[in-house]
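Understanding the architecture of this molecule
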Amino acid sequence: LFLQGNAAEVALRMKQLEEGRSILDAVADHARSLDRRVGPEDRQRLDQYFTSVRELEVQMQRAQEWEKKPKPKVAVPEPKDIADYNDTPSKSKLMYAMVHLALQTDSTRTVAIMAQDQHATHKIPGSDSHHSLTHHGNREVTVAALRRMEENQLRAFRDFLTLLAETKEDGESLLDRTMVLQGAAMGNANAHTNNNLPVILAGGRFKHGEHKAYPQTGRGRAQLCNLYLSMLQRFGVETNRFGLSTGTLTGLDAA
């Protein structure tokens, strides 16, 4: 985001991207020749493949544009990676700092972070991963360890929100001009249930300051996609549906 390569590095990267696009062109041409010889079901799969190829082409084009674009200047030292792969709170704090810089410099308008430990490929002897702690089996010691880890994660999130609130942009805080969603895919990871998902929404000029619980109605349980739909509309996307949404959420009027 912020490190400008020298002329040789930029030229090498541009060459690599051009080679990637050439490979995509060759593969796409071969796939088009198949399109005339396959049945309807396989043709549908080819259409999905072509869509993926087009998306990759767009990504490569944007990557080429980014290589040639002057990088934002920031008065922040280059960050150092966290050595402990299971130190999720510290890694989250580092990523939040990068997100703040990206938004502050208008390098991007959207950011997605999936915070998870690397237990599948890395394991520090004597340490417990976040994933393993969530399967606590109601053991008090394990629950206490999980609580400490998640409280540290939430402190990092709190500090990120504070940083956004303290950063001013055109007379407003960056937090007011940014929708920030924090959540998890499990309501109770120990039982692998996805009801009552823990979600925090901050910023974006929404009405905040209270816990909102949406009871089941004749249309079923409120879908998390309803919140996504509310956020999309606030962002200016003209759509009335997203995923399993049944409408927007009530009680999120602008502050």
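See the structure shown above.
Residues numbered from 1 in each chain as written. Predicted model: local features only at pLDDT ≥ 70, side-chain atom pairs only at ≥ 80, totals over all residues. Heavy atoms only, no water.

Description of the packing of aromatic side chains
Quick note on the threshold: Aromatic pairs are defined between Phe, Tyr and Trp rings, using the six-membered ring for Trp, whenever the two ring centres lie within 6.5 Å; interplanar angles under 30 degrees are classed as stacked, those over 60 as edge-to-face, and all others as tilted. For the exposure calls, accessible area comes from a 1.4 Å probe over protein chains only, and a residue counts as buried if that area is under 20% of its type's maximum, exposed if over 50%, partly exposed in between. Secondary structure is summarised from DSSP: a helix means a run of H or I of at least four residues, a strand means a run of E of at least two, and numbering begins at the N terminus for each. Charge-over-ring placement is defined geometrically: NZ (Lys) or CZ (Arg) within 6 Å of the ring centre, and within 35 degrees of the ring normal.
Throughout the structure, instances matching the rule amount to four aromatic pairs. Residues Tyr49 and Phe50 carry aromatic rings whose centres are separated by 6.1 Å and whose planes lie at 55° to one another, so their mutual orientation is tilted. Taking relative accessible area as the criterion, Tyr49 reaches 32% and is therefore assigned partly exposed. By relative accessible area, Phe50 is classed as buried at 11%. Ring geometry for Tyr228 and Phe242: centres 5.9 Å apart, planes at 85°, overall edge-to-face. Pair noted here: Tyr228 is in helix H6 (residues 224-235) and Phe242 is in the segment after H6, with a separation of 14 residues, a long-range link. The class for Tyr228 is partly exposed, based on a relative accessible area of 29%. The class of Phe242 is partly exposed, set by a relative accessible area of 38%. An aromatic cluster is defined as three or more aromatic residues linked by ring pairs; in this entry it consists of Tyr96, Phe157 and Phe160. Over the ring of Phe206 we find Arg234; its NZ or CZ atom is 4.1 Å from the centre of that ring.

Things to note about the side chain of Asn226
Spelled out, the test is: Contact criterion: two residues are considered in contact whenever any of their non-hydrogen atoms come within 4.5 Å of each other.
Secondary-structure assignment places Asn226 in helix H6. If we ignore the near neighbours within four places in the chain, the residues touching Asn226 are Ser245, Thr246, Gly247, Thr248 and Leu249.

Notes on the environment of Asp170
Rule in force here: Identification of polar contacts relies on pairs of N or O atoms within 3.5 Å, with a donor-acceptor requirement for protein atoms, meaning one able to donate a hydrogen and the other able to accept it, and with residues adjacent in sequence counted only if both atoms are side-chain atoms.
Topologically, Asp170 is positioned in the loop between strand E1 (168-169) and strand E2 (172-173). At 3.2 Å, the side chain of Asp170 forms a polar contact with the side chain of Arg177.

Remarks on the side chain of Ser230
Relative to the assigned elements, Ser230 resides in helix H6. Dropping the residues within four chain positions of it, Ser230 is found in contact with Phe206, Thr248, Leu249 and Leu252.

Observations concerning the pattern of salt bridges
Let me state the cut-off plainly: Here, a salt bridge means any side-chain nitrogen of Lys or Arg that lies within 4 Å of a carboxyl oxygen of Asp or Glu.
Under the criterion given, the structure shown has 12 salt bridges. One salt bridge in this structure joins Asp106 and Arg109, with 2.5 Å as the shortest N-O distance. A relative accessible area of 41% places Asp106 in the partly exposed class. A salt bridge links Lys212 to Glu210, with the nearest nitrogen and oxygen atoms 2.5 Å apart. Since its relative accessible area comes to 25%, Lys212 is described here as partly exposed. In this structure, a network of salt bridges that share partners links the residues Glu169, Asp170, Glu172, Arg177 and Arg205.

Observations concerning the nonpolar core
Basically, it comes down to this: What we call a nonpolar core is a set of buried Ala, Val, Leu, Ile, Met, Phe, Trp, Tyr and Cys residues that are connected through their side-chain atoms within 4.5 Å.
Counting 12 residues, the largest nonpolar core is built from Tyr96, Val99, Leu103, Ala156, Phe157, Phe160, Leu161, Leu164, Leu174, Leu175, Val180 and Ala202. Ranked by residue count, the leading element in this core is helix H5 (residues 140-166), at five residues. Once residues within four sequence positions are removed from consideration, Ala202 is found in contact with Leu161, Leu175, Thr178, Met179, Val180 and His208. One finds Leu201, Phe206, Met231 and Leu252 within the second-largest nonpolar core, a separate group that totals six residues.

Focus: helix H3 (residues 88-104)
The α-helix advances 3.6 residues per turn, and as a result positions three or four apart in sequence lie on the same side. Going by this rule: Residue count minus one, scaled by 1.5 Å, sets the expected span of a helix.
Relative to the 24 Å expected for 17 residues at 1.5 Å per residue, H3 spans 24 Å between its end C-alpha atoms, a close match to the ideal helical length. After H3 finishes, the residue Asp106 shows a positive phi value of roughly 60°.

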